[in-house]
Structure formats: structure tokens, C-alpha cells
Amino acid sequence: MNRRSLAGFLLTAILCVIASTAFAVAVRADTIPSIDETIIVPRWRTIGPFPMGVREAGTDSLAYFGEQPFEEPSLKGSFPSYLVPGCTVRWKYFESDDDGKVTIDYPEISDDYWELITSEWGFAGALYSGLAFGAIYLEDGPRRALVDLQRSGGFRLNGIPYQGDSYGHNMWKQPVVLQQGRNEFRVGFSYRGSFTMRILPVEDDVTFVAKDTTLPDLVRGWKRQIMFSVPIANATTRWLREPFIRLSSDVPGLGGLFGAPAPIPPLGVQSFQVPVGPTPDVPLDYEADEVEVKVEFLDGPDGAVLGSDVLKFRVRDTSQSRRETFWSASTSSVQYYALKEPLDFDPHKKYALVLSLHGAGCEAQGQVDCYEAKDWAFVVAATNCRRFGFDWQDWGSMNVLETLTAVEERYPINENLVHLTGHSMGGHGTWFNAFVYPDMWADAVPSAGWTTFDLYVPMFLRKNVVLGEPRGQLIWNLGLREENTLMLTENALNLPILAVEGSADDNVPPQQPKMLVDLLTRRGYDVRYKEVPGMGHWWNDPDTPGTDCVDASWINEFWQKHERNPWPKRVVYRTHNYSVNNRAYWVTIDRPLKAYNDTKVVAEVVAPRTVRVETTNIEGLTLRLPEQLIGGIKAVPEAAVAHGGKMMVNLDGVRFVLEPVSDDTYSFHRNEHGLWEVGEVMVPPGAKTREIYGPWKQAFMRPFVIVYGTQGTDEEDEWTLALAKAYAHAWWYRANARTWIIADTDPIPDLREPPNLILLGGAKMNAVTARLETALPIVMHDDGVLVGGRWIPGRDLAAKFVYPNPECPGTLILVQEGQSLKGFKRLFSFTEIYSGAGFPDWMVWGDEVKLLGLGGACAMGFFDLNWRVDDSLTFWNEELISGLEADVQGADLAGVSSGVWKVGY
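All values derive from a computational prediction rather than experimental measurement.

**Student:** Describe the overall build of the protein chain, naming the residues involved and giving the relevant values.
**Tutor:** For the protein chain, the helix and strand inventory stands at 19 helices and 49 strands. Rg of the C-alpha trace for the protein chain: 29 Å, near the compact-globule value of 29 Å for 905 residues, within the 12% margin. Each principal axis of the C-alpha distribution contributes one length, and for the protein chain these read about 110 × 75 × 60 Å. A buried classification covers 60% of the 905 residues belonging to the protein chain. Long-range pairs, those at least 24 residues apart, make up 72% of the contacts in the protein chain with a sequence separation of at least 6. By element, 50% of the accessible surface of the protein chain is carried by carbon and sulfur atoms, the whole surface being about 35300 Å². Where the 83 positive side-chain charges of the protein chain centre and where its 116 negative ones centre are 1 Å apart.

The following block contains the structure:
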């Protein structure tokens, strides 16, 4: 290489380093200009289709057992795939059209073949994945740009991962920095095999994602404060530490300056919440049906305007359906519900409530408009946080409860007349939330509701299912068990249910709800099944009011027949994870005997002032026994004579004679010998509680702060921030919520309550992790990982675990670390902000997960009730661990996580 070439090479290398680390350093926004015009990647090199398991994480279609079959797998060669003739896929080239759309088809796979697969395996068999590689060249750089990627969950630009708009909402454009010279993109695609990607100029340093605002409607005749949220994309390469927005409008009261406590990371997105909106002098009447409010982003209260847009608020009459917002404490965000108030609404009268859950891809506003206004009830549709959301489980289930609370605080609702209903995914959500919270509803009406993940879109093709060891499968099943509606059916003892289905429904086939109806009927419960002949998934008779699959006259008649009984004589409640819910009616499970085992209580008033209770896996229990349940002394004189006014509780065969107490509440616990005694259960300091329990996802179920490491190399620090932004994006995109991101050297923000901490980086990369390490149960070393008292040898491993914060009792930390940068990068494959994940409390893994999914973990499991590693709740991959030990002892195998498997790409 001559001197001129060497100089050019060094200049290019320096520019590449600047570009790749730009978003990790404070750089003025105007030091990196934008591209001048839209760029389309002209040609894509693709590989696929590869079979994929439903909701499977961590696997890689380009992974191989043993040595890779060629030296440059991204440029040549072939890969096995049973979805294609000959069982081999080769690289194909596809062109982008003028709009950046890439249509990937497989003419060698006939329609008949797809039908054969789906006839045997169902929809799950036709799922597939693939990868597309493309590149562009910049003559001069670096340059900022916006990547508009639709119908793909994400992409990598020069190795760094970013998020896409997986559902094709066409609302999100990812800010990036392009380097001088070649810029490589890797895009993942899945079923239906097409995506669209455009690289756009940056017009504003800050862009409001106006299409994704969460705005309430303004209502004529009202004078009420409002709250809203609007996402903001930071297209600069620096932190925006003091974000402010300024509102201005011709309408008095719809203006002002508002600050956000959470900073916005470089090239990141943040949902800006305005929890206390415009002042109460909003006028009572509006002339137009829409009010425009200009919104400007300011860099500090007196800073420059970096971006602006116009928000459009609908104006509604009280007779129209409307959107109302509320503050969600669980997600620290503004959420909305849609509402229809009763005909001739009288604020001095109490009404019933029809609480409806929408299907996948539907909006709450559209859901509520499927119902006719009623003179006896409010109709409210919750959001599930998003149109797709969380299948009405996890954060979706919390959204149901928070919506109900918000409506009951705002309107006169009879709490004994709350009717839970929903369609499709919302039908599943009705089944799930009816069984988990059976004492909250007067009745439940699931329409076209599916059962469980593994029965609706079966998970049997996941690698951990077909290739993993049974013990590893057990851990995964324990993680999913709390979502199993079939297991929870016995909780519906006192809950009338009407299951609605179309006989020709090919989206949620009739056997789905019939499985639940079958179990409920065998238990002798109050369940009815209405299958309408010839009707499909969504159906309606245009000559009748309302949409019939959710609001038929006979459904309304069912609702009006029922009122919740808060004091049933017999209660049955089963749960696998008591942190999700621990009570039903007058029975509360205070503490299980063993973590992640089914817990069950059967309690019954068997005679006046006499109660019998049978328990499974319960250490502490509380009963509330008012006279209206067990019978008053005056009303039951024979009990007064027999018991002297006392009451009898038979608890697992142990007889207690109890004096009445003023609050009618009686607690019991097992002593050190396992025998029942009167009194509250004593929870050891630092032990698991409902709020501090696990698994991974629980760290995100109350306010949290993401803490990225800054103690590693520049490249390592860049990747910890990249993972922080990936989490922040997922939290916004899936939960419509805001995150805090801070460096490990920053003080923990003073929120309304102490937050959970998401710690990114081990002790060598993150100062907070280093400070806490001596108190943690999993510790990384250069040649292995210590889990409790068990040593797992290896290099380039990753570990992730949830644990109580040693510095802040009552909160959790979620530690995510890698022995090396290669190990840390594995963490991107296991993010838990979605339903049906089945993740544990802790896991250690290497390359093997790319072939075996969760079944390829070195070890994983759940902590016991005292946060200790418990072999009965643990999968130790003995074969893999022995292979890792051989690798560590072999000096020539440094950098390889296992001698058993190797990965080709």
C-alpha cells in the first residue's frame, strides 16, 4: 500500500469510527449534516425461507452444528431448510421498486405445498423467516438520515441494531448516521416476505411522531383538564437533556410550556407525556369539529425550536362516542379508552358498565362504535396499550384494571354490574381476565376467543420444544403456565359465562372456545355456548342494532340478568404465580410455600358461622368473614348457642374457634413445623413478595430506569446504549409508554416511587453493576460464570437475571451482562416486552441458543422464595457445561463458547 492509499485508508477509518460512535458522545447537531435526498437500496441479497417457531427468541437460521460449510456464508453457499424442494436454499437477488418496496417470493414453492404444510401443522407450519442484505455508498460522510422500515421488526446498519415498524403502521422513522463509503444493511423479514425501506433526509432535528399521538377528545359543554402524549424522535447525535414542548392555539386554555423529566437519547425516540394538560379555562363550547394545536420542541425552556407540528383534537358531543385519557401508573404513561355514555345520562344515577376488549389490530375507538348506546350502561373499550398489544395479558391485563379504575373514578358505576366482554384477541382476553380476576365481574361474554398460545398458534415447532432437553422444557413451561386459561377454568365457579362463536369462523375455529366450555361444563359451572350457524369470525345483521357478534340482543339480555355477588358461599381459586393476582372474593393468598408451583384454595361456608378451607402450596392465608357471609349472631341463634357467638374455621383439618373482630379479617400461617396457626405470615427480610417476585418481565411492571454502562471500551459503551435504546423503542412501540435512560454515572432520578433498574453491562462495563456485584447471586469471571454455588465454565457467555436491589428494598434490578462484547451482543436476542415469552428468573447462555433456542441455555431457572438458586427449579445443561469446560481448558479454543456447536454466521 503506497502512502497516498494509506492516508486515504486511515481517513476513511477515522470517519467510520466517528460515525459509529457519534450517538455515544455529545456532538452539536449541525456538525453532521443530513443526506440531501431520498436513497433507495437498489438491490438486496436474500436468503430464506427458514422455518421458525412461534414467539421463539435467540435462534439464528444461519447457525450450524460443527464447522461452517464455507468461508464466506454471506456471499455464497447454501443453507438447509425443509420449506423448499430439495431442502436447500440459496442466495437470491431482489430489486427495490421506486418506493423502496421489496417483494420476496418463492415460485419454487407451490401453493399446493403450502397447503400441505398448513393442513398438517396449521398456520404455525407456514411461518418463516429470512434475511436481506443490501448496501449503499456515500462519497462524503458521515451523514444523518431517517430509515423508514415498514413490515420488519428491525435492521442492522454497519452491525448496529435498530428497530423497524414491524406492523407497518407507517409512523416511525429511525434516525441513523451513515458513514462515508459503504453502508451495509441487514433486514429481517418473515411471513408474507415483503418489506419497504427508504432512507430519508432529516428535515427537522426533532420530529414529532404525530400519527402516534394519544389525544383525548374535547367535549362540548365540558370544562375539564386533559392529558396527552406525543412521541418525539431525536435525529441529533446528542442527548436532549431538558426537553420542553410549547403548545399554542387560537382556543384559550390549549397552550403553555411543558417540560419532560426524562431525557431523550441521541438518535432515539421518547414518548413525551403531558400528565397535567391545559388549564381548566377551556371553553364550554366549540364551533368546529376539530381544534388544531401547534406543538414545538424546545431544547430547554428558553432553547431553540428544533421541530414543530400540529396536533388535531376531535371535538365531540356528549351523545357521541369519545376518547378519554388517563395516567397509567404501571407503565408511567398516558393511555386512552373509548366510551359511550348512557342514553339520557343522569349523573346522579349509578349505571352498569360493559367493558369491551378489542381484537388484534383494532382500535378501542372502533371497538366502542360497534355497540349501540344503552340506557342502562356505559360502554367502554380499553386499549391493551396498543392495537396489537399484549394479548390482554401482562401489561394488557394491567391496562384492563387501570381502565376500570379510571372509569369508576370518573363516572357513577355500580361495581356489581361490570360486564367483561371482547372479541377475537379480546375474546381471549375476556377468558383470561375472567379467570384471573373472577370476583370483579358480573359475568363474562367472550366472542371468538381463543384459548392459549400453544393451542391457538401452536409452539411445537420451536427449537427448544423439538430439540431441547425435557428439563429445559419444564422451565419454559413453568414460565408460560400463568397464562394457561385451561388450567384456570376452575376459578369461574361464581361467574356466569356466555361464549359466542360463528360456526364458520376460520380465524378462531369453534374448537377453541369449545375446549374451555367443555371444562367449565364438566365442573358444573354456569356456562352457555352460542354458536351461530354459517357465521365467520366477524359478523353482523345489518337490520339489528349494534354489531351482532359483540352486541346482539340476546347478549344484552344475558348482561341484564346478572349482578356480581361479592360474598359467594364457596370460593375456588388457583394460580401459578401469585404475584399476578392472589385473591378472589373473601380469600387472599398471602404467601405460597414454594415458588412457581400451583397454589390453590377452596373455601366454603358449610354451616352458619362455620367455614371449611382446603389449601395447596400455601404458607399464609387471610379470610374476610363478615356477618353477611357467615351469618349474624341474631340471625342465626343456634350458632350463638353452639359457639357462644364465635366462629369455626376448619383449615386443612385443623379446627380454630375464633372470637369476632371488628374488621372481620382473620389471618393464618404455617409455623416452623408446617402446622397452621392464627396470625399473619412473617416474610423473611429480602424474600420474594408479590411485588418482588420475578420473572424477568416483572422488572418492567412498575416504574423503571434503564442504566447503560460507560466503563468499557468505546465500542462496548456504544453497544450498551444501543441496547438501552432498543428497550426504549420496544416500550414505546408495544406499550405506548415512556422510559428513562441514564448512564451508570448519573444519579437515579427521583420519581414518584423508587424505580426498578435495568442494568446493561456487567461489572467491567457498568459502574452500578460493579457496585452491587458482591451482593448478587450470579457473578461473571473471565473464564466462567458463578451461579449460586455452581460454576459454569466458558467464554463469551451472556447472563441475565432479576433480583432485589440490594440498595433499595422493595425494588428489582434486571442485570444483563456478557463476559465480552461478543457475549453482550447476545442480549439483544432475549428482550421480554411481549406476551407469551415464557422467560425465567435467570439464564446463562452462549452460541447454542442459536440452534436450540431456550433449550440451548447453559443453565436457567427460577429463584426460590428466598432468592436462592433451587435445583428443583433449575435446568443445568450438563452435556453443554462439560463441553464448555473442555473449551476453557483448551488454549487454542479461546473465544469459542462451546466445543459442541459452532455457528457459521
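**Student:** Explain the packing of aromatic side chains to me, and be specific about the residues and the numbers.
**Tutor:** In the structure shown here, the tally under the stated rule is 45 aromatic pairs. Taking 6.3 Å as the distance between ring centres and 80 degrees as the angle between the ring planes, the aromatic pair formed by Phe79 and Trp91 counts as edge-to-face. Remark: Trp91 occurs in the loop between strand 3 (88-90) and strand 4 (92-95) and Phe79 occurs in strand 2 (residues 78-80); sequence separation between them is twelve residues. Look at Phe79 and you get buried, because its relative accessible area is 2%. Between Trp431 and Phe435, the ring centres sit 5.8 Å apart and the planes meet at 40 degrees, which makes this aromatic pair tilted. Note that Trp431 and Phe435 are positioned in helix 6 (residues 425-436) at a spacing of four residues, about one turn of the helix. On the basis of relative accessible area, Trp431 is assigned to the buried category, the value being 1%.

**Student:** I'd like a rundown of the sheet that holds strand 10 (residues 174-178), residues and numbers included.
**Tutor:** If you trace the four strands from one edge of the open sheet to the other, you get 5-12-7-10, paired in antiparallel fashion. Each edge of the open sheet carries a strand with a single partner, namely strand 5 (101-103) and strand 10. Going from strand to strand, the sheet's axes swing by 30 degrees on average, the running direction of each strand aside. One ladder, built from five bridges, connects strand 7 (residues 143-150) with strand 12 (residues 194-200); its direction is antiparallel. Bridge assignment links Leu146 to a residue of strand 12, and that residue is Leu200.

**Student:** Please provide a residue-by-residue account of the sheet that holds strand 18 (residues 269-274), values included.
**Tutor:** The antiparallel open sheet is built from three strands, whose spatial order is 13-15-18. The open sheet has two edge strands, strand 13 (206-208) and strand 18, and neither has a second partner. For this sheet, the mean angle separating the axes of adjacent strands, direction not counted, is 30 degrees. Bridge count for strand 15 (residues 228-234) against strand 18 is six bridges, and the pairing is antiparallel. Each bridged residue has a counterpart across the sheet, and for Phe228 the counterpart in strand 18 is Val274.

**Student:** An account of the nonpolar core is needed here, citing residue identities and associated values.
**Tutor:** Counting residues in each nonpolar core, the largest one holds 210 residues, and the members touching the most others are Phe185 and Trp586. If you tally residues by element for this core, the top one is helix 15 (residues 714-735), at eleven residues. In this structure, Val230, Ala260, Ile264 and Leu311 belong to the second largest nonpolar core, which totals 27 residues.

**Student:** Any chance you could break down the pattern of salt bridges for me, citing the residues and the numbers?
**Tutor:** Scanning all chains against the criterion turns up 46 salt bridges. Arg771 is paired through a salt bridge with Glu807; the nearest N and O atoms lie 2.8 Å apart. Separated by 36 residues along the polypeptide, Arg771 in helix 16 (residues 767-772) and Glu807 in the loop between strand 45 (798-804) and strand 46 (812-818) bring together distant segments of the chain. Through salt bridges with shared partners, a single network forms among Arg481, Glu490, Arg574, Asp598 and Lys600.

**Student:** Before we move on, could you go through a nonpolar patch on the surface and cite the residues and values that matter?
**Tutor:** Side chains of Phe65, Val466 and Leu467 sit close together on the surface and give an oily, nonpolar patch of about 290 Å² of accessible area. Mapped onto the elements, Leu467 comes out in the loop between helix 8 (463-466) and helix 9 (470-480).

**Student:** I'd love a proper account of the side chain of His669, names of residues and values included.
**Tutor:** By the secondary structure assignment, His669 is in strand 37 (residues 665-670). At a separation of 2.9 Å, a polar atom in the side chain of His669 contacts the main-chain carbonyl oxygen of Gly679.

**Student:** Break down the side chain of Thr46 for me, with residues and values.
**Tutor:** The residue Thr46 is located in strand 1 (residues 43-51) in this model. Residue classification places Thr46 among the buried positions, given a relative accessible area of 2%. Not counting residues up to four positions away in its chain, the partners in contact with Thr46 are Arg90, Trp91, Lys92, Phe94, Ile104, Leu131, Ala132 and Phe189.

**Student:** Give a detailed account of empty space enclosed by the protein, specifying residues and quantitative values.
**Tutor:** To locate leftover empty space, one rolls a probe as large as a water molecule over the atoms. Inspection of every chain in the model, using the stated rule, returns four cavities of 30 Å³ or more. Taken as a whole, the largest cavity holds about 110 Å³ of empty space. Around the largest cavity sit 13 residues that line it, and Tyr162, Gln174, Leu267, Lys725 and Ala726 are the ones nearest its centre. At the level of elements, strand 9 (160-163) and helix 15 are the ones that each hand at least two residues to the lining of the largest cavity. When residues in the lining of the largest cavity are grouped by element, the largest group, four residues, is from helix 15.

**Student:** Requested: an account of helix 5 (residues 395-410), with residues and values cited.
**Tutor:** Compared with the 22 Å implied by 1.5 Å per residue over 16 residues, the 22 Å span of helix 5 between its first and last C-alpha is a close match. Among the residues of helix 5, Trp395, Gly396, Ser397, Met398, Asn399, Val400, Glu402, Thr403, Leu404, Ala406 and Val407 are the ones counted as buried.

**Student:** How would you explain the pairing of strand 31 (residues 587-592) if you had to name every residue and give the values?
**Tutor:** The buried fraction of strand 31 is high, at five of six residues. Examined bridge by bridge, strand 30 (residues 583-584) and strand 31 share two bridges and lie antiparallel to one another. Bridge pairing in strand 31 places Arg583 opposite Thr588. Pairing of strand 31 with strand 34 (residues 618-624) involves five bridges; the strand directions are antiparallel. Its bridge partner being in strand 34, Arg591 is matched across the sheet by Gly620.

**Student:** If you had to explain the pairing of strand 35 (residues 647-651) to someone new, which residues and values would you point to?
**Tutor:** In terms of residue burial, strand 35 counts as a mostly covered element, since four of its five residues are buried. Pairing between strand 33 (residues 610-616) and strand 35: four bridges, direction parallel. Pairing of Val613 across the sheet is with Leu651, part of strand 35. Direction of pairing for strand 35 relative to strand 36 (residues 654-658): antiparallel, over a ladder of five bridges. Residue Met647 lies in a different strand from strand 36, and its bridge partner there is Leu658.

**Student:** Quick one: what's the story with the environment of Val436, residue by residue and with numbers?
**Tutor:** Assignment of secondary structure puts Val436 in helix 6. Under the relative-accessibility criterion, Val436 is labelled buried at 4%. Setting aside residues no more than four positions away along its own chain, Val436 makes contact with Leu488, Tyr573, Val580 and Asn581.

**Student:** So what about the environment of Met171? Which residues, and what values?
**Tutor:** By the element assignment, Met171 lies in the loop between strand 9 and strand 10. Each C-alpha atom, one on Met171 and one on Gln150, is 9.1 Å from the other, the two residues being 21 residues apart in sequence. Those residues in contact with Met171 that sit more than four places away from it in its chain are Gln150, Asp165, Val209, Lys211, Asp212, Arg386, Trp732 and Tyr733.

**Student:** Describe unusual backbone geometry, and please don't skip the residues or the numbers.
**Tutor:** The linkage connecting Gly141 with the following residue, Pro142, adopts the cis geometry, with an omega of 5 degrees. Tracing the sequence through the fold places Pro142 in the loop between strand 6 (128-138) and strand 7. In the segment running from Gly694 into Pro695, the intervening peptide bond is cis, with an omega of 0 degrees. As for its position among the elements, Pro695 is in the loop between strand 38 (676-678) and strand 39 (704-708).

About the thresholds
- Residues numbered from 1 in each chain as written.
- Predicted model: local features only at pLDDT ≥ 70, side-chain atom pairs only at ≥ 80, totals over all residues.
- Heavy atoms only, no water.
- Helix = DSSP H or I, 4+ residues; strand = E, 2+ residues; numbered from the N terminus.
- Rg over C-alpha atoms; globule rule 2.2 N^0.38 Å.
- Buried < 20%, exposed > 50% of the residue type's maximum accessible area, 1.4 Å probe, protein only.
- Contact = heavy atoms within 4.5 Å.
- Areas by Shrake-Rupley, 256 points an atom, 1.4 Å probe, with all protein chains shown as cover.
- Lys, Arg positive; Asp, Glu negative; His and termini not counted.
- Charge placed at Lys NZ, Arg CZ, Asp CG, Glu CD.
- Phe/Tyr/Trp six-rings, centres within 6.5 Å; stacked < 30°, edge-to-face > 60°.
- Pairing = 2+ DSSP bridges.
- Axes fitted to C-alpha atoms, helices over the stretch in contact; angles between N-to-C directions.
- Core = buried A, V, L, I, M, F, W, Y, C linked by side-chain atoms within 4.5 Å.
- Salt bridge = Lys/Arg side-chain N within 4 Å of Asp/Glu carboxyl O.
- Patch = residues over 30% accessible without salt bridge, like charges linked within 9 Å, V, L, I, M, F, W, Y side chains within 5 Å.
- Polar contact = N/O pair within 3.5 Å; in protein donor to acceptor, adjacent residues only side chain to side chain.
- 1 Å grid on protein atoms, 1.4 Å probe; cavity = no way out; pocket = protein on both sides within 12 Å on 5 of 7 lines; lining within 4 Å.
- Points joined across faces, edges and corners; volume = space filled by probe spheres on them.
- Expected span 1.5 Å × (residues − 1).

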